[in-house]
Amino acid sequence: MNKYKEVILPIVEEANSKIFNFAAVLSVMGIAVLASSVGFLEVSTLRTIGVITGLGLMVLPFALRFVIDKHKKIGVIRFSDQEILTKLNGDEPRIFDVTKFEKFEFTIVDFEGETKAIDLVRSSRTMNVRSGAENQIFWIFDNEEHLHQFKLSSELHKRQVVQFLKSIQNQMKK
């Protein structure tokens, strides 16, 4: 018997990818500016400006995540024991009976930190902030492929979703 009745999560897709790609290029340039400033310039105002500029460029992708979302919400997905309901923005809701799935796969990567400040402390050495949006679900229903990326906001959501998705996989095996 399931502990939870259902769970509702946002369906997301990548947005602002050009900005984040440009910030990643600037980050690499920041490493070069920092290295050349420290390695080739004597202690002076120019070296100080080079070091500050290099450090600023290096943390740009990380800092952008605090201001701009890398993913935008395009709908919602509801998991329950017997069905998956998807509602995309501007479309009618679709209900999928899990017993009629031809194929079913999922990937749960991680959930978003409780706050971005907690993620800052946890991942300061790698300069990464978990967005919680790298989770995917894929199924084939009536010869139609459905692939959705969804966002987990907490450990509780992660446990709920894993429980429902494993129960769907168990139903597929029967």
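Above this text you will find the structure in question.
What comes next is a walk through the structure. (Residues numbered from 1 in each chain as written. Predicted model: local features only at pLDDT ≥ 70, side-chain atom pairs only at ≥ 80, totals over all residues. Heavy atoms only, no water.)

Brief notes about helix α3 (residues 60–67)
So, point 1. Listed in full, the buried residues belonging to α3 are P61, F62 and L64. Angular distribution of buried residues about the axis of α3 spans 160 degrees; they occupy a single face of the element. (Buried < 20%, exposed > 50% of the residue type's maximum accessible area, 1.4 Å probe, protein only. Helix = DSSP H or I, 4+ residues; strand = E, 2+ residues; numbered from the N terminus. Arc of directions from axis to C-beta.)

Thoughts on the environment of A35
So, point 1. Relative to the helices and strands, A35 is located in helix α1 (residues 17–40).
So, point 2. Residue A35 is classed as partly exposed on the basis of its relative accessible area of 48%.
So, point 3. In sequence terms A35 and G50 are 15 residues apart; their C-alpha atoms lie 9.2 Å from each other.

A word on the nonpolar core
So, point 1. By size, the foremost hydrophobic cluster in this structure holds 19 residues, and its most contacted members are I77, F79, I84, F101, I137 and W139.
So, point 2. Only β1 (6–14), β2 (71–80), β6 (135–141) and α5 (155–173) provide two or more residues apiece to this core.
So, point 3. Counting residues per element, this core draws most heavily on α5, which supplies 4 residues.
So, point 4. In this structure F79 touches K5, E6, V7, L9, I84, I137, F150, V161, F164 and L165, once residues within four positions along its chain are discounted. (Core = buried A, V, L, I, M, F, W, Y, C linked by side-chain atoms within 4.5 Å. Contact = heavy atoms within 4.5 Å.)

Points about the sheet that holds strand β7 (residues 144–150)
Picture the strands of a sheet paired through backbone hydrogen bonds; they go either parallel or antiparallel.
So, point 1. With antiparallel pairing, the 7 strands of this open sheet are ordered in space as β4-β3-β2-β1-β7-β6-β5. The sheet terminates laterally at β4 (94–97) and β5 (103–107), the two strands that pair on one side only. Averaged over all pairs of adjacent strands, the angle between strand axes in this sheet comes to 30 degrees, irrespective of strand direction.
So, point 2. Strand direction decides the pairing type here: β6 and β7, joined by 7 bridges, are antiparallel. (Pairing = 2+ DSSP bridges. Axes fitted to C-alpha atoms, helices over the stretch in contact; angles between N-to-C directions.)

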